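This is what each chain is made of:
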Amino acid sequence: MTEAVIIGAGLHPFGRFPGKPALDMGADAVRLALADAGVNWPQIQGGYIGSYEVANPDAIVGRLGLTGVPLRGVFNGCATAGTAVALAARAIETGEHDLTIAIGLDKHPRGAFAADPSVAGIPSWYGQTGLFLTTHFFGMKINRYMHDHGITHETLARVASKNFRNAAGNDKAWRRTPLTPEEILASPVLNYPLRQYMYCGPDEGAAALVLCRADQAHKYLGKPVRIRSTALRSRRLGAFEVQSPSFPAGEPVASPTVDAALAAYESAGIGPEDVDVAQLQDTDAGSEIIHMAENGLCKDGEQERLIAEGTTEIGGRLPVNTDGGLLGNGEPIGASGLRQIHEIVLQLRGTAGGRQIPGTPRVGYTHLYGAPGASAVTILST
């Protein structure tokens, strides 16, 4: 099967942009990705575009050129961007296209994500008690994890502080003011044990990736980054996930993140010990901690020591969320996962500037997780 590589990456800044439509942000990201690859829009043979707020994201062709390109809209919750890049890669691997694009864009209003539980097949009482509010769910989830594995409030604060510090070195991040762990711990509790500065926020932004056949990468400008594997998994019966109202009796059921990670490692022929830099879904500081273990990067409970030792810092053995993650960038759902891959492309190329990790990184890892219990993993390498 033909291998797909990334030859172009473009990122519109994340944040708030009054008066600028999401489609315009997406077009800007596409133009940056095309320029990075040395490709013109009419050369693109097919693509996938994801958005939560924009009903017809494929209308972006009106901004880029009406070439007749098959541009397919996708949506898969917080795993939308992982799905878009997986499908763009698959189109190359199967021989359908030689040059494809993955695009993500969104423009969310202020406030936490919430909706009517009935649309997810959940009884109305689940929403009436506040459990359908994402901030409430993640507070409950990390509270239990802290109890079971000895994670402290200080460790939550260290994670958030690290990500804001990393975002301060990223001119395209939203929340670029560094905060100390003490400042974070002093902020108001929103959903115990999570405080104001331990949550990401919905915002606006866009990202794009240009992919081609590996054996044709020499034709283009962008230094290629290999897509070693992509994996997507949904929740299993009994898993405690977003939009799942209860724990099962008996043994706990693994998160879809565990399943997606195992599938991606096996397909890539790469193990957790090979990962040089990772981008993990940090909807909140607790999520990053949990996802370190669920992605096989450590054992449950080891995070307390690893984070205290600086392992996940830019200069540590396993840097995590080097661009600030969701905490620093916010989460425009359709673009979030492509923002992660954009950062890994920069790191593997050695072009991440002041936040470049030491040495010569060869393997990068990205992970997405969200409602209704879906997880996507992408493993990249030089």
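Cut-offs and rules
Residues take numbers from 1 onward in each chain, read along the sequence in its written order. For this predicted model, a pLDDT threshold of at least 70 governs which residues receive local features, and a threshold of 80 or more governs which side-chain atom pairs are given and counted, while totals over whole chains, interfaces and linings are taken from all residues. Excluded from the side-chain calculations are hydrogens and water; all other atoms, namely the structure's heavy atoms, are used. Side-chain atoms within 4.5 Å are what join buried Ala, Val, Leu, Ile, Met, Phe, Trp, Tyr and Cys residues into a set we call a nonpolar core. Three exposure classes are used, based on accessible area relative to the maximum for each residue type with a 1.4 Å probe and protein chains only: buried under 20%, partly exposed in between, and exposed over 50%. Helical segments are the DSSP runs of H or I of at least four residues, strand segments are the runs of E of at least two, and each set is numbered from the N terminus. Should any heavy atoms of two residues lie within 4.5 Å, those residues are considered in contact. Two strands make a pair as long as DSSP finds a minimum of two bridges between them. All axes are obtained by fitting lines to C-alpha atoms, using only the stretch in contact for helices, and the reported angles, taken between N-to-C directions, cover 0 to 180 degrees. Each residue gets one label: Ala, Val, Leu, Ile, Met, Phe, Trp, Tyr, Cys and Pro are nonpolar, Asp, Glu, Lys and Arg are charged, and the others, such as Gly, are polar. In what follows, salt bridge is the name for a side-chain nitrogen of Lys or Arg lying within 4 Å of a carboxyl oxygen of Asp or Glu. Aromatic pairing here means that ring centres of Phe, Tyr or Trp (its six-membered ring) are within 6.5 Å. Orientation follows from the plane angle: under 30 degrees is stacked, over 60 is edge-to-face, and everything else is tilted. Take the number of residues in a helix, subtract one, and multiply by 1.5 Å to get its expected span.

K.L.:
Give me the nonpolar core: which residues, what numbers.
P.N.:
Leu156, Val275, Tyr365 and Ile379 are the most contacted members of the largest nonpolar core, which totals 48 residues. The element that contributes the greatest number of residues to this core is helix α8 (residues 256-268), accounting for six residues. Every residue in contact with Leu156, bar those within four places of it in the chain, is listed here: Ile142, Met146, Pro193, Leu194, Met198, Ala285, Gly286 and Ile289. Counting 31 residues, the second largest nonpolar core, distinct from the first, contains Ala22, Ala29, Ile60 and Ala208.

K.L.:
How would you summarise the sheet that holds strand β9 (residues 277-279) if you had to cite specific residues and measurements?
P.N.:
In spatial order, the strands read β3-β2-β4-β7-β1-β8-β11-β10-β9; together these nine strands make up an open sheet with mixed pairing. Either end of the sheet is taken by a strand with one partner, and the two such strands are β3 (71-74) and β9. Each strand of the sheet is rotated relative to its neighbour by a mean of 20°, with strand direction disregarded. Looking at chain direction, strand β1 (residues 4-15) and strand β7 (residues 204-213) are connected through nine bridges and run antiparallel. Residue pairing in the sheet places Gly10 in a bridge with Ala208 of β7. Set on the sheet, helix α1 (residues 22-37) makes contact with β1, β4 (99-107) and β7; between it and β1 the angle comes to about 140°.

K.L.:
Give me the packing of helix α3 (residues 80-93) against helix α12 (residues 333-349): which residues, what numbers.
P.N.:
Interhelical geometry of α3 versus α12 gives an angle of 60° and a closest axis separation of 6 Å. Contact residues: α3 offers Thr80, Ala81 and Val85, while α12 offers Ile333, Gly334, Gly337, Leu338 and Ile341. Looking at side-chain class alone, the contact of α3 with α12 contains five nonpolar, three polar and no charged residues.

K.L.:
Now, about the pattern of salt bridges: what can you tell me, with residues and values included?
P.N.:
This structure, assessed with the given rule, holds 19 salt bridges. Close ionic contact of Arg16 with Glu204 constitutes a salt bridge, the shortest N to O distance being 3.6 Å. With Arg16 in the loop between β1 and α1 and Glu204 in strand β7, the pair connects residues that are 188 residues apart, well separated along the chain. Between Arg213 and Asp215 there is a salt bridge, and its shortest N-O distance comes to 2.7 Å. In this structure, a network of salt bridges that share partners links the residues Arg16, Lys107 and Glu204.

K.L.:
A description of helix α9 (residues 285-294) should follow, citing residues and the corresponding values.
P.N.:
α9 sits mainly inside the fold: 10 of its 10 residues count as buried. Within α9 the residues assigned to the buried category are Ala285, Gly286, Ser287, Glu288, Ile289, Ile290, His291, Met292, Ala293 and Glu294. Positive phi appears at Gly296, one or two residues downstream of α9, with a value of about 80°.

K.L.:
I'd like to hear about the packing of aromatic side chains, residue by residue, with values.
P.N.:
Within this structure, the stated rule accounts for four aromatic pairs. Judged by centre distance (5.1 Å) and plane angle (40°), the ring pair of Phe137 and Phe240 falls under tilted. Taken together, the residues span a long stretch of sequence, with Phe137 in helix α5 (residues 134-149) and Phe240 in the loop between β8 (225-234) and α8 at a distance of 103 residues. Through a chain of ring-to-ring contacts, the aromatic side chains of Phe137, Phe138 and Phe240 assemble into a single cluster.

K.L.:
An account of the side chain of Gln340 is requested, with residue identities and associated values reported.
P.N.:
Tracing the chain through its elements places Gln340 in helix α12. Apart from residues lying up to four places away in sequence, Gln340 is in contact with Gln279, Leu280, Gln281, Thr366, His367 and Leu368.

K.L.:
I'd like a description of α3, backed by residues and values.
P.N.:
Given a rise of 1.5 Å per residue, 14 residues ought to cover 20 Å, and the 20 Å separating the end C-alpha atoms of α3 matches this to within 8%. A large share of α3 lies buried, amounting to 12 of its 14 residues. Of all the residues in α3, the buried ones are Thr80, Ala81, Gly82, Thr83, Ala84, Val85, Ala86, Ala88, Ala89, Ala91, Ile92 and Glu93. Downstream of α3 by a residue or two, Gly95 has a phi angle that is positive, lying close to 85°.

K.L.:
Describe in detail the environment of Met198, supporting the description with residues and values.
P.N.:
Along the chain, Met198 turns up in the loop between β6 (194-195) and β7. Note: C-alpha distance between Met198 and Ser255 (57 residues apart in sequence) is 22 Å. With sequence-adjacent residues up to four places away left out, Met198 is seen in contact with His153, Leu156, Ala157, Ala160, Ile184, Leu185, Pro193, Thr283, Asp284, Ala285 and Leu327.

K.L.:
For unusual backbone geometry, give the residues involved together with the corresponding values.
P.N.:
The residue after Tyr192, namely Pro193, is reached through a cis peptide bond having omega 5°. Inspection of the secondary structure puts Pro193 in the loop between β5 (189-191) and β6.

K.L.:
Which residues make up the environment of His97, and what are the values?
P.N.:
Note that His97 resides in the loop between α3 and β4. On the accessibility criterion, His97 (9% relative accessible area) is buried. Taking the C-alpha atoms as reference points, His97 and Lys223, separated by 126 residues in sequence, lie 20 Å from one another.

K.L.:
Explain the pairing of strand β11 (residues 374-381) residue by residue, including any values.
P.N.:
Moving residue by residue along a regular strand, the side chains alternate between the two faces of the sheet. In terms of residue burial, β11 counts as a mostly covered element, since eight of its eight residues are buried. Judged by which residues are buried, β11 turns out to be covered on both faces: Ala374, Ala376, Thr378 and Leu380 on one side and Ser375, Val377, Ile379 and Ser381 on the other are all buried. Relative to β11, β8 runs antiparallel, the two sharing eight bridges. Bridged to Ser229 within β11 is Ile379.

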